[in-house]
Amino acid sequence: MNRVAWLRYFIVTGFIVFLEVLCRTGIIPATVMIPPTSMAAHLWALLASGRVTPDIIETIGNVIAAFLLSVTVGFALGAVIHSFPRLRRAIDPFLATYYALPFFAFYPLFIVLFGLGRPPIIAIGFLFGVVAMIIATLNGFDRIPRALLKTAAVYRMDPLSTALRIKLPSAAPYLFTGVKLAVAYSFIGVIAGEFIMSSSGLGYSIAYAFNNFDNKTMYALMLFVIVLVTAVNAFFYVWEQRLLARRGR
Amino acid sequence: MRRAFDTILLVAVALVIWQAIHLLAPSALTSPLGTARRAAELLGTATFWPHVAETLKAFLYALILAFTGGLLLGLLLGLNKTGAKVADPILVSIYSLPKVTLYPVILLIFGLGMSAKVAFGTIHGIIPIAIFAMNSVRNLAPVYLKTARVLHLSKAETLRTVVIPAAIPEIVSGLRIGFSLTLLGVLIGEMFASQRGLGYMIMNAIGLHDVPTMMAVILMLAVFAVAANAVLLWLDQRLHRRIT
């Protein structure tokens with residue numbers, strides 16, 4: 001492990017110890033935040049009791065569904081938009097503005113369209129993730145070197161094998177960025193959706209604990225979400241570094 | 001000219017789809033015309049404006065905090081090679097956290113009201129601005145900094161005359177994304193625990209099944225967001241063209 005990584009661990013650990021000290025000495029009152037070690041202890045107890053297992057499974061399932069949908073649909077839409085330059089020029093400013101919209105407000109509409117329960121939450125996660133994937137696909141297709149496409153034309157490759165053997169590999173790093181964002185945004189969308197208007201799932205459990213002044217459960221679940229999301233993102237980060245290293249960049 | 005026509009065409013198609021969904025499920029979605037009418041009605045009501053003022057105020061404060069904080073953090077980290085390397089993955093993982101889970105903490109610290117909303121908007125916007133500013137300085141052509149050293153510029157002069165002008169296009173891209181996310185943060189903050197503001201109006205309208213009001217507020221927010229973003233996007237593209 002190199003110096004930079006050590007420094008990083010040192011900062012993160014230092015921050016946690018700092019919080020711990022602040023909480024233990026009462027500078028941060030227990031009504032505001034509980035010490036990180038007791039968050040972990042409560043989380044352990046909570047997981048062992050199995051009380052939150054259904055919520056965890058439900059949230060993870062929602063995230064996976066939203067993620068898969070946003071990657072496949074986002075890629076397909078991106079490819080279609082890219083092949084119509086006029087459509088693309090018109091749609092670009094809207095794509096760039098998209099993330100300023102409060103999607104959660106569309107929730108009642110989704111209930112009417114998809115029924116109660118999980119589909120509307122998945123739809124919110126999907127809406128959050130899909131545009132990041134569309135933008136990444138457009139970026140990736142923009143950066144394909146002309147020479148490669150010309151070579152494909154010289155070899156008289158048909159559109160399908162051009163797409164699979166030229167376009168996909170050379171756009172891959174950008175597509176991977178999109179995939180990474182889609183993971184993060186699916187999490188954000190699903191958990192925020194559950195937080196504001198669901199009646200089950202991790203986000204809901206946190207909001208419920210907050211409304212009942214149940215700080216222990218709330219912080220334990222927050223810790224769970226933070227650790228889970230960080231672990232998933234770190235996994236994709238390391239994977240991406242490996243891919244880039246293999247490409248010799 | 002053709003571009004403007006294409007944009008209008010796109011908006012028209014979106015309106016047709018909207019109308020079609022309205023015809024399929026009239027109770028879920030007000031028609032475009034109905035929404036516009038309700039929006040005009042709201043604009044004429046006196047009780048609507050305090051909500052707008054509340055949201056705008058929270059948004060403005062959050063934006064100022066996110067811009068200055070993000071730029072400072074990003075520029076400082078960007079100028080320090082080790083600092084940037086250490087901070088990059090940390091910032092990226094904070095960026096991808098579902099920050100809404102942290103909202104209760106902010107409410108516990110700041111209490112209900114304006115400051116909690118401002119804080120929530122700020123934490124949404126500050127990280128992407130910092131990431132963009134940091135990377136813009138990191139990816140500066142080395143020859144610029146070498147020239148600065150050859151000319152014996154002091155640190156402050158280097159920053160003012162070399163680093164910031166060269167990094168401006170990327171910084172503006174960061175500000176554009178920060179702008180959108182700050183707005184989203186403030187609105188989510190208002191939707192969850194607030195008694196005032198446009199986010200509260202949306203939640204209240206959802207609770208009362210007042211679909212026209214909900215749609216009208218969302219429409220106005222969308223128009224505001226798209227318009228502000230279009231201006232920033234235009235600036236962004238102009239700056240990028242000037243450099244290359």
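Conventions used here
Residues numbered from 1 in each chain as written. Chains lettered and ligands numbered in written order. Predicted model: local features only at pLDDT ≥ 70, side-chain atom pairs only at ≥ 80, totals over all residues. Heavy atoms only, no water. Helix = DSSP H or I, 4+ residues; strand = E, 2+ residues; numbered from the N terminus. Buried < 20%, exposed > 50% of the residue type's maximum accessible area, 1.4 Å probe, protein only. Areas by Shrake-Rupley, 256 points an atom, 1.4 Å probe, with all protein chains shown as cover. Lys, Arg positive; Asp, Glu negative; His and termini not counted. Charge placed at Lys NZ, Arg CZ, Asp CG, Glu CD. 1 Å grid on protein atoms, 1.4 Å probe; cavity = no way out; pocket = protein on both sides within 12 Å on 5 of 7 lines; lining within 4 Å. Points joined across faces, edges and corners; volume = space filled by probe spheres on them. Nonpolar A, V, L, I, M, F, W, Y, C, P; charged D, E, K, R; others polar. Contact = heavy atoms within 4.5 Å. Buried area = accessible area lost by both parts, 1.4 Å probe. Salt bridge = Lys/Arg side-chain N within 4 Å of Asp/Glu carboxyl O. pLDDT = per-residue confidence, 0-100. Domains from an automatic or database assignment. Polar contact = N/O pair within 3.5 Å; in protein donor to acceptor, adjacent residues only side chain to side chain. Phe/Tyr/Trp six-rings, centres within 6.5 Å; stacked < 30°, edge-to-face > 60°.

## Comments concerning the overall build of chain B
Then, number 1: Summing up its helical and strand segments, chain B has ten helices and zero strands in all.
Then, number 2: Counting only residues that meet the buried cut, chain B has 49% of its 244 residues in that class.
Then, number 3: With an accessible surface of roughly 12100 Å², chain B has 71% of that area assigned to carbon and sulfur atoms.
Then, number 4: The centroid of the 19 positive side-chain charges in chain B is displaced by 10 Å from the centroid of its 9 negative side-chain charges.

## Focus: empty space enclosed by the protein
Unfilled space is identified by rolling a water-sized probe across the atoms.
Then, number 1: Under the criterion given, the structure shown has one cavity of 30 Å³ or more.
Then, number 2: One number sums up the size of the largest cavity: a volume of about 160 Å³.
Then, number 3: Elements supplying a minimum of two residues to the lining of the largest cavity: α8 (159–197) of chain A together with α8 (155–192) of chain B.
Then, number 4: Along the lines of polarity and charge, the residues of the lining of the largest cavity split into twelve nonpolar, one polar and one charged.

## Some remarks on the interface of chain B and chain A
Then, number 1: Contacts between the two partners involve 48 residues from chain B, matched on the other side by 53 residues from chain A.
Then, number 2: When chain B packs against chain A, close to 4600 Å² is buried across both sides, 81% of that on carbon and sulfur atoms.
Then, number 3: The three residues of chain B that bury the most area against chain A are Thr-101, Leu-108 and Phe-192 of chain B, which together make up 12% of that side's buried surface.
Then, number 4: For the pair chain B and chain A, the number of links is one salt bridge.
Then, number 5: For Arg-86 of chain A, the salt bridge identified is with Asp-6 of chain B, shortest N-O distance 2.6 Å.
Then, number 6: Counting only elements with at least two residues in the side of chain B that touches chain A, the list comes to α1 (2–24), α4 (81–95), α5 (103–110), α8, α9 (198–207) and α10 (211–243) of chain B.

## Comments concerning the confidence of the model for chain B
Residues and elements named next belong to chain B.
Then, number 1: Of all residues in chain B, 98% attain a pLDDT of 70 or more, and the chain-wide mean is 85.
Then, number 2: The lowest-confidence element of chain B is α10, averaging 82 in pLDDT; the highest-confidence one is helix α3 (residues 48–79), averaging 91.
Then, number 3: Here the prediction assigns the complex a pTM of 0.83, and the interface score ipTM is 0.76.

## Things to note about the domain arrangement of chain A
All names here are of chain A.
Then, number 1: We note that the domain assignment places domain 1 (1–32) and domain 2 (34–248) within chain A.
Then, number 2: Computed over C-alpha atoms only, the centres of domain 1 and domain 2 are separated by 29 Å.
Then, number 3: Contact with domain 1, which involves eight residues of that partner, is made by seven residues of domain 2.
Then, number 4: At the junction of domain 1 with domain 2, the criterion picks out zero salt bridges.
Then, number 5: Inspection of the domain 1/domain 2 interface yields two residue pairs in polar contact (both at pLDDT 80 or more).
Then, number 6: A class-by-class count of the residues in the side of domain 1 that touches domain 2 yields five nonpolar, one polar and two charged.

## A short note on unusual backbone geometry
Trans peptide bonds make up most of the peptide bonds, and negative phi angles are found at most residues other than glycine.
Then, number 1: Despite not being glycine, Arg-156 of chain A shows a phi value in the positive range, around 55 degrees.
Then, number 2: By the secondary structure assignment, Arg-156 of chain A is in the loop between α7 (146–154) and α8.

## Considerations on the packing of aromatic side chains
Then, number 1: Considering all chains together, one arrives at 14 aromatic pairs over all chains under this definition.
Then, number 2: Ring plane angle 35 degrees and centroid distance 5.7 Å describe the contact between Tyr-204 of chain A and Tyr-208 of chain A, whose orientation is recorded as tilted. Placement of the pair is Tyr-204 of chain A and Tyr-208 of chain A together in helix α9 (residues 202–211), with a separation of four residues, close to one helical turn.
Then, number 3: Using a relative accessible area of 27% as the deciding quantity, one classes Tyr-204 of chain A as partly exposed.
Then, number 4: On the basis of relative accessible area, Tyr-208 of chain A is assigned to the partly exposed category, the value being 47%.
Then, number 5: Consider the rings of Tyr-103 of chain B and Phe-120 of chain B, whose centres lie 4.3 Å apart with planes at 45 degrees: the pair is tilted. Residue Tyr-103 of chain B is located in helix α5, and its partner Phe-120 of chain B is located in helix α6 (residues 114–138); the two are separated by 17 residues in the primary sequence. Pair check on accessibility: Tyr-103 of chain B and Phe-120 of chain B agree, each one buried.
Then, number 6: Taken together through their ring pairs, the aromatic side chains of Phe-67, Phe-176, Phe-235, Phe-236 and Trp-239 of chain A make up a single cluster.

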